[in-house]
Amino acid sequence: MKVNLRTQINDREIDLEIEPRLLLSDLLREHLNFTGTHVGCSYGVCGACTVIIDGKPARSCLTLAIQANNCSVRTIEGVAASSTFDRVSSAFHQEHGLQCGFCTPGIICSIVALTESGKNIAEEDIDKVVDGHLCRCTGYVNIRKAAKKAVGIYQGDENAR
Amino acid sequence: MLGETRYVGSSVLRNEDQRLLNGNGNFLDDIKISGCQYIHFVRSNIAHGIVKSIDISEAEKVAHITKIYTGRDLQGMLQSMAPSKADGGIFEEKLFSTMGDQDAFIRREDRHPIVVGKVRHVGEIIAVVVGTDPYVVEDAAELIIVDIEEIQPVVDPKNALEAESPKIYDHWEDNRSLHLHVRKGDIEAAFANAHTVVKRTFHSGRISASPIETRGVIAHFEDHNEKLTVWSSTQIPHPVRTYLAHSLNLPSSRIRVVAPDVGGGFGCKAIPYPEEILCSLISIQLKIPVRWIEDRLEHFTSSIHSRDQFHDIEIAMDAEGKILGLRDDFLMDCGASNPLGVVQPYNTIAHLAGCYEVPAMDVTATAVVTNKVPLSPYRGAGRPEAVFAMDRILDVAAQELGLDPFDVRRKNLVPSESMPYSVGINYRDGAPIVYDSGDFPKCFDTAVELLQSSCDTDRRRDESGRYIGLGAATYVEGTGIGPFEGALVRVDETGSIHVAIGACPQGQGHETVFAQVAADTLSVDIEDVKVVTGDTDAIPYGWGTLASRSAVVAGSAVYEAATKVLQKVKIAVADEWEISPDDLLAQHGRIFVKGTPAKETTLEEVAEKFSPGGDYAQKFTPGLEEQIYWEPPTVTFASGVHIARVAVDADTGAVEILTYIVVHDCGPLLNPQIVDGQIAGGVAKGIGAALFEEICYDDNGQPMNPNLMDYILPTNDTIPDLLIEHLETPSPLNPLGIKGVGEAGTIPPPAAIANAIENALTEIGVEINKVPVSPKYLLNQIQKTKEAKL
Amino acid sequence: MRPATFEYLAPKTLEEALELVGDDSRPLAGGQSLIALMNLRFATPEALVDLQGIPDLTRISDDGEFIRIGAMASQADTETNSIVLNSVPLVAECIREIGHWQIRTRGTVGGNLAHSDPASELPAVMVTLGAHYHLASKRGERKIPAVEFHQGAYDTALDPDEILTHIAVPKQKPTERSALNESVRAAGAYAIAGTTSILERNNETCLRAKLVLFATGSKPYEVQGLNSVLVGKELNSGSFSEASELVASQAPHFDDFHATAEQRKQIFRALSERVLQETWQKFQVGSS
């Protein structure tokens, strides 16, 4: 039996009849065409599907769409329209914090959520947040640099142009 | 060679980043085609057996299911997948003809893309479910009842060699799929004259590539123009096209294969797969677009695995620690088939001597088939296995001789004055191995200096009692293998530069690096260059991005094609101005006479005149474009040294990497930041292989850890910051002087880290003979050592 | 890897929820374990009763003697909650080791406990701290000690018609210190072995000691006879070493993919010695 989902996704009001089993990741990707949210494992380990639900990063593959009822969901497409994004994305660009880019939107969502959390961010907080994402290309070194640069605790490699 | 460079050699920020950062990347599963249906594969959960029956009656009744196919339904419509010249087979004839050993052979096995009769590993495709909803195809798949009569599985590769072992392929005389034998020098004399001989067995465990984007295929056959378009998350669109053409009996020109943004490959997307053929066939049959996205379990049970070599290696040394000779007899468990033939085992042979002078060697390789996922090259491709055997046995020998392993290593390096250095055996392309460039001693000394300046090398224990140790490993890497790569460079009538290449990236930054090369060759602004990759309709022939080859082979092709375009420009302009082409200079998009810059035209104007009907087009070939297929003479050798400093908790078996040093020589760096990124990513994979990653099978041929909970990928907390330095000795083998770098970082970490762990535990006396050094393995070795001492 | 069909029920009150849960109608908390299992189709419940709409279940409060943590309190909220940080610091310390922040934002305290994963830290901490779980059903409410709630791997005392409503954790006394450590191969991976401990001190001597092992393949294991080794003594490295011998002799036999039973005993021994040391040191530095 279908259920009614009312939620806000990237500032868009959504009112849909959905199957209860529809995963949030599929709602975003298959129904709303927010394909920037990627799915890498479907069991919460890889972190590629991370989105921001009510201000907090969460795995969209481990969230039923209906669990987002009355929530506010931001995907990378919504995040990309925010003021925080420019600083974070340009740090990743400058520090070569991405290679294939598949895990990247999830990481950006996590870093943006951390930045917007209002807490005083220490280096260890960044490390812990990056711990929650698997990346198979970069070896994490440049992700750490980029994330630290984005929150202003690392100045970056000045040689990059 | 390039003249003035504005871009090559600089860390130009990547052109591909923006779309990937803001969620507009175009990965396989992001491509939405109207009316596209979902495919779910039912796979064998039995390792070895005969399919007796497949009951699809309940599954067919499920709403939204379009069609269910079994092997029998599709049998007659497909050619079997024979390993073909479209992959590693290209060089095999030449290699075997130069090997000179009568016993050497390779057995080819034709495999059907879907099981017909015999199942050979857990994960093989048994049935295909097509439906309109991704959830429902899974529901239906659960209702399919497959009856398989089990056969005793072959799991241990050593048992596979025994006469009484069940056979994977009934028509084969035994389970060996390959035997190679290479020798040089007087091996018997080397061992007879040795002061010390040590022998050990080293195992490089079975690894899954595990890119974060799994594989996937969308196939769309359009009836109206009889054209099949296949989007695949692949490293090799052109070879996939060839495979599809053969398998489906279609003209290659009616097939377009596109690799969109690919979320990591590392070798596991560098062979054609059954799913590409099956999706295509089903799209043709049903006349609808279909899509399949590999799930993570499927990745572990159907995408290739790699490594899995057991080396019985023996080294003969003189009293001073100089290598006299090397024997190695290794066994590779290639799983149910060996899709790339000699590539991985022969790479091991070719790289075994590495940076060292080895006067005599005798190496045999045997590959056996077993009931596991097929084995094929993964980043490093046979080289990490070679370095693990060679650099481990050197440490064992040093220990036996009472010498410092760093000193022994240094003493045996090929001296810089011996370059170019001929190893005395052939590469897998059949050409003699010649280290064309490099300075191994300088590389080594630089690494040691970095080590000494970065940490206290005398410290043996930390405050919590962990043991600290150091280990080194060196490597060479044949990069930029052929047979060719193509580049099409066109200046369009608006003056913008279009570059299409056959190489196709999975994160390596092709859209940036090849734009740098094209921009500097043509002396234009990089913003005016657009690089197109991964589309068989963009350039007719191509090979793919794998084997640390693209910068060298595609880079040379881009350079040559752009150079020819520039020549064409100069010839036409010179003809019009009635001067010699040599008097012309091209700079920043302007063409002018040397010394008289007032007389000038622009690339845009020239391009317009080359448009069909234009002034130049009347006299010269129309179109300001050139297409080049660059064929390397043979590989060019990159080289390097890694040093690891680790802390080992002997109570829990945990290993932490404290310091990691890389000194690498891949010639002039096209883009230093991207090169460092490749190295860091490679090292992380090497650390994974050294400490975490191994796919294990139980006695029934069931994978024990086909998930990311139990197959542990390196996480952020496990990878330290790296200290990286470069040597830039140019290669004489290509116009840019460059050598490949994609795999380099992955090659030595297992050896360097294992050496460091062993060094840390000197007091206990533990030997490390296997990677990954998991806590289970390490604690077992410690226990065994302690018991042996009792 | 997508779930099978199920019916979705979203009660607004506990009473409504209790009407709905039953044999094949399972409570859905944060779903961070359950949905993963459903995606793999290892779990195929006929109905899910989503508890997230019941506001009472997320409350964290201090009733003087106990910190009461609502079963639906998210792990991320709990680990940063000042009441929790001040009064049951081991709970906060422990939760920081569960999965990742991105998991803990939706993962709940009650969901973790009811899942009773043998490798999970939190059940062991609750056993260590002597927490009580409050269970409700149409039949009434009951209170059960953590040690009785966790009956084995993924096995609890929760009846199919019951819902875990909140956990009452005794506040840490000024004379108590606690700690946790574990052996994990990489961030977020399952623990190979883990230990958690609480020590109470009177002047310079140990008044009470408790040590619990997790990742034993079953329920958390409380080390027996620890008091006789530690209580009444000024603790030093010798005492911790003696206690760890006790652990080695008792640790449950559990052999799996990541460690043999003997290796696990050895790891438990090492971790126990360290966790006791660490707990004791917290007295010296005045930390909680």
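Predicted model only: the values in this text are computed from it and were never measured.

### Observations regarding the overall build of chain C
Move 1: Broken down by element type, chain C carries twelve helices and 14 strands.
Move 2: By the compact-globule yardstick of 19 Å for 288 residues, chain C fits well, its C-alpha radius of gyration being 19 Å.
Move 3: Of all 288 residues assigned to chain C, the portion counted as buried reaches 60%.
Move 4: Surface accessibility of chain C: about 10,900 Å² in total, with carbon and sulfur atoms responsible for 47%.

### Comments concerning the domain arrangement of chain B
Residues and elements named next belong to chain B.
Move 1: In terms of domain boundaries, chain B breaks down into domain 1 (17-24 + 482-630), domain 2 (215-293) and domain 3 (305-481 + 633-789).
Move 2: Its C-alpha centre places domain 1 at a distance of 39 Å from the equivalent point of domain 3.
Move 3: Domain 1 puts 20 residues into the contact, and the matching count from domain 3 is 20 residues.
Move 4: Both faces combined, the contact of domain 1 with domain 3 buries some 1,400 Å², and carbon together with sulfur accounts for 65% of it.
Move 5: Taken together, the links from domain 1 to domain 3 amount to six residue pairs in polar contact (both at pLDDT 80 or more).

### Quick word on the packing of helix 3 (residues 83-94) of chain A against helix 4 (residues 104-116) of chain A
All names here are of chain A.
Move 1: Remark: helix 3 packs on helix 4, axes separated minimally by 10 Å, with the N-to-C direction vectors making an angle of 130°. With respect to helix 4, the axis of helix 3 lies oblique. For helix 3 against helix 4, the interelement crossing comes out right-handed. Packed against helix 3, whose contacting residues are Thr84, Phe85, Arg87, Val88 and Phe92, the element helix 4 presents Ile107, Ile108, Ile111, Val112, Thr115 and Glu116 at the interface.
Move 2: Residue composition of the contact of helix 3 with helix 4, by class: seven nonpolar, two polar and two charged.

### What about the interface of chain A and chain C?
Move 1: Across the boundary between the two partners, chain A contributes 28 residues, which contact 28 residues of chain C.
Move 2: Each partner contributes to the roughly 2,500 Å² buried at the junction of chain A and chain C, and carbon and sulfur atoms together form 60% of this total.
Move 3: When the buried surface of chain A facing chain C is broken down by residue, Arg21(A), Leu62(A) and Gln67(A) rank first, second and third, together holding 27% of it.
Move 4: For the pair chain A and chain C, the number of links is two salt bridges.
Move 5: Across the pair Asp77(C) and Lys56(A) runs a salt bridge, and its minimum N-O distance is 3.1 Å.
Move 6: Where chain A touches chain C, the interface holds twelve residue pairs in polar contact (both at pLDDT 80 or more).
Move 7: Sorting the residues of the side of chain A that touches chain C by element identifies strand 3 (50-53), strand 4 (56-59), helix 4 and helix 5 (123-131) of chain A as the ones contributing at least two each.
Move 8: Take the side of chain A that touches chain C: its biggest share by element is four residues, from strand 4 of chain A.

### Describing the sheet that holds strand 29 (residues 723-727) of chain B
All names here are of chain B.
Move 1: Overall, mixed pairing links the four strands, which are arranged 19-27-28-29 in an open sheet. Edge positions in the open sheet fall to strand 19 (467-479) and strand 29, since each of these has one partner strand only. Adjacent strand axes in the sheet meet at a mean angle of 20°, parallel and antiparallel pairs treated alike.
Move 2: The pairing of strand 19 with strand 27 (residues 636-649) spans 13 bridges and is classified as antiparallel. Opposite Glu477, over in strand 27, you have Ala638 as the bridge partner.

### Describing the sheet that holds strand 15 (residues 323-333) of chain B
Through backbone hydrogen bonds, the strands of a sheet pair up, either in parallel or in antiparallel fashion.
Move 1: The strand order across the open sheet built from seven strands is 4-8-16-15-14-9-30 (chain B), with neighbouring strands paired in mixed fashion. The open sheet has two edge strands with one neighbour each: strand 4 (105-106) and strand 30 (770-771) of chain B.

### A look at a negative patch on the surface
Move 1: Taken together, the side chains of Asp156(B), Glu162(B), Glu164(B) and Asp699(B) define an acidic patch exposed on the protein surface.
Move 2: Here Asp699(B) lies in the loop between helix 19 (672-692) and strand 29.

### Topic: the domain arrangement of chain C
Move 1: Under the domain assignment used here, chain C contains domain 1 (7-50), domain 2 (57-170) and domain 3 (189-284).
Move 2: Inter-centroid distance (C-alpha atoms) of domain 1 of chain C to domain 3 of chain C is 36 Å.

### Some words on the packing of aromatic side chains
Move 1: Under the definition given, this model contains 17 aromatic pairs over all chains.
Move 2: A ring pair is formed by Tyr427(B) and Phe637(B), whose centres lie 5.9 Å apart and whose planes are at 85°; its orientation type is edge-to-face. A residue pair is termed long-range when its members are at least 10 positions apart, and Tyr427(B) in the loop between strand 17 (421-426) and strand 18 (432-435) and Phe637(B) in strand 27 qualify at 210 residues.
Move 3: According to the relative accessible area criterion, Tyr427(B) is buried, its value standing at 1%.
Move 4: Considering the side-chain rings of Trp280(C) and Phe283(C), the 5.3 Å spacing of their centres and the 70° angle between planes classify their relative orientation as edge-to-face. Residue Trp280(C) and its partner Phe283(C) are both found in helix 12 (residues 261-284); the two are separated by three residues, about one turn of the helix.
Move 5: Residue classification places Phe283(C) among the buried positions, given a relative accessible area of 8%.
Move 6: Each member of the aromatic cluster is reached from another via a ring pair, and the members are Tyr421(B), Tyr427(B), Tyr435(B), Phe440(B) and Phe637(B).

### Observations concerning helix 17 (residues 603-610) of chain B
Residues and elements named next belong to chain B.
Move 1: What helix 17 keeps buried is the set Leu603, Val606, Ala607 and Phe610. The arc that holds the buried residues of helix 17, viewed along the axis, is 100°, so those residues lie on one side.
Move 2: Of the surrounding elements, those touching the buried residues of helix 17 are strand 20 (485-491), strand 21 (497-501), helix 16 (550-577), strand 24 (590-593), strand 25 (596-602) and helix 18 (615-619).

### Quick notes on the pattern of salt bridges
Move 1: Enumeration according to the criterion identifies 82 salt bridges over all chains in this entry.
Move 2: In this structure, Asp62(C) engages Lys171(C) in a salt bridge whose closest nitrogen and oxygen atoms are separated by 2.8 Å. A residue pair is termed long-range when its members are at least 10 positions apart, and Asp62(C) in strand 4 (residues 60-62) and Lys171(C) in the loop between strand 10 (163-170) and strand 11 (176-184) qualify at 109 residues.
Move 3: Classification of Asp62(C) by relative accessible area gives partly exposed; the value is 38%.
Move 4: Taken together, the shared-partner salt bridges connect Arg21(A), Glu138(B), Asp139(B), Glu142(B) and Arg41(C) into one network.

### A short note on the interface of chain B and chain A
One frequent convention defines the size of an interface as the accessible area lost when the parts assemble.
Move 1: The partner chain A presents 50 residues to the 59 residues of chain B that form the contact.
Move 2: Buried surface at the junction of chain B and chain A, summed over both partners, amounts to about 4,300 Å²; 55% is from carbon and sulfur atoms.
Move 3: Applying the counting criterion to the chain B and chain A interface returns six salt bridges.
Move 4: The closest approach of N and O atoms between Glu30(A) and Lys32(B), which form a salt bridge, is 3.2 Å.
Move 5: Applying the counting criterion to the chain B and chain A interface returns 28 residue pairs in polar contact (both at pLDDT 80 or more).
Move 6: For the side of chain B that touches chain A, the element with the most residues is helix 19 of chain B, which contributes eight residues.
Move 7: When grouped by side-chain class, the residues that make up the side of chain B that touches chain A number 27 nonpolar, 18 polar and 14 charged.

### Some words on the nonpolar core
Move 1: Phe92(A), Ile315(B), Leu691(B), Ile753(B), Ile757(B) and Leu761(B) are the most contacted members of the largest nonpolar core, which has 226 residues in total.
Move 2: Looking at this core element by element, the count peaks at eleven residues for helix 12 (residues 383-401) of chain B.
Move 3: Core analysis: the next-biggest nonpolar cluster, separate from the first, contains 52 residues, Val524(B), Ala561(B), Trp577(B) and Leu603(B) among them.

### Regarding the pairing of strand 29 of chain B
Residue and element names in this part refer to chain B.
Move 1: When strand 28 (residues 654-665) meets strand 29, the two strands line up parallel, connected through five bridges. Each bridged residue has a counterpart across the sheet, and for Val662 the counterpart in strand 29 is Ile724.
Move 2: A crossover links strand 28 with its parallel partner strand 29, the connecting element being helix 19, and its sense is right-handed.

### A few points about the state of the cysteines
Disulfide: a covalent bond formed between the sulfur atoms of two cysteine residues.
Residue and element names in this part refer to chain B.
Move 1: This model, assessed by the stated rule, comprises zero disulfides over all chains.
Move 2: The structure places no disulfide on Cys355, whose sulfur is separated from the nearest cysteine sulfur, that of Cys443, by 7.3 Å.
Move 3: Cys355 gets classed as buried once you look at its relative accessible area, which sits at 2%.
Move 4: In this structure Cys455 is not part of a disulfide, and its nearest cysteine sulfur, from Cys443, lies 18 Å away.
Move 5: Taking relative accessible area as the criterion, Cys455 reaches 15% and is therefore assigned buried.

### Digging into the packing of helix 11 (residues 237-250) of chain C against helix 12 of chain C
Residues and elements named next belong to chain C.
Move 1: The geometry of helix 11 relative to helix 12 is characterised by a closest axis approach of 8 Å and an angle of 145° between their N-to-C directions. Considering only the axes of helix 11 and helix 12, their crossing is right-handed. The segment helix 11 lies against helix 12, with Phe240, Ser241, Ala243, Ser244, Glu245, Val247 and Ala248 engaging Lys265, Phe268, Arg269, Ser272, Glu273, Leu276, Gln277 and Trp280.
Move 2: In terms of residue class, the contact of helix 11 with helix 12 is built from seven nonpolar, four polar and four charged.

### Quick notes on the pairing of strand 14 (residues 305-317) of chain B
Residue and element names in this part refer to chain B.
Move 1: The buried fraction of strand 14 is high, at twelve of 13 residues.
Move 2: In this sheet, strand 14 lies alongside strand 9 (residues 196-208) in antiparallel orientation, the contact comprising twelve bridges. Counted as the bridge partner of Lys199 is Glu314 from strand 14.
Move 3: Pairing of strand 14 with strand 15, which is carried by nine bridges, proceeds in the antiparallel orientation. Within strand 15, the residue paired with Met317 across the bridge is Ile323.
Move 4: Between strand 14 and the antiparallel strand that follows it, strand 15, lie five residues; Gly321 among them carries a positive phi value of about 90°.

Conventions adopted
- Residues numbered from 1 in each chain as written.
- Chains lettered and ligands numbered in written order.
- Predicted model: local features only at pLDDT ≥ 70, side-chain atom pairs only at ≥ 80, totals over all residues.
- Heavy atoms only, no water.
- Helix = DSSP H or I, 4+ residues; strand = E, 2+ residues; numbered from the N terminus.
- Rg over C-alpha atoms; globule rule 2.2 N^0.38 Å.
- Buried < 20%, exposed > 50% of the residue type's maximum accessible area, 1.4 Å probe, protein only.
- Areas by Shrake-Rupley, 256 points an atom, 1.4 Å probe, with all protein chains shown as cover.
- Domains from an automatic or database assignment.
- Contact = heavy atoms within 4.5 Å.
- Buried area = accessible area lost by both parts, 1.4 Å probe.
- Polar contact = N/O pair within 3.5 Å; in protein donor to acceptor, adjacent residues only side chain to side chain.
- Axes fitted to C-alpha atoms, helices over the stretch in contact; angles between N-to-C directions.
- Parallel < 35°, antiparallel > 145°, perpendicular 65-115°, else oblique.
- Left-handed = near helix turned anticlockwise from the far one by under 90°.
- Nonpolar A, V, L, I, M, F, W, Y, C, P; charged D, E, K, R; others polar.
- Salt bridge = Lys/Arg side-chain N within 4 Å of Asp/Glu carboxyl O.
- Pairing = 2+ DSSP bridges.
- Patch = residues over 30% accessible without salt bridge, like charges linked within 9 Å, V, L, I, M, F, W, Y side chains within 5 Å.
- Lys, Arg positive; Asp, Glu negative; His and termini not counted.
- Charge placed at Lys NZ, Arg CZ, Asp CG, Glu CD.
- Phe/Tyr/Trp six-rings, centres within 6.5 Å; stacked < 30°, edge-to-face > 60°.
- Arc of directions from axis to C-beta.
- Core = buried A, V, L, I, M, F, W, Y, C linked by side-chain atoms within 4.5 Å.
- Right-handed = clockwise from strand over helix to strand, strands pointing away.
- Disulfide = S-S within 2.5 Å.

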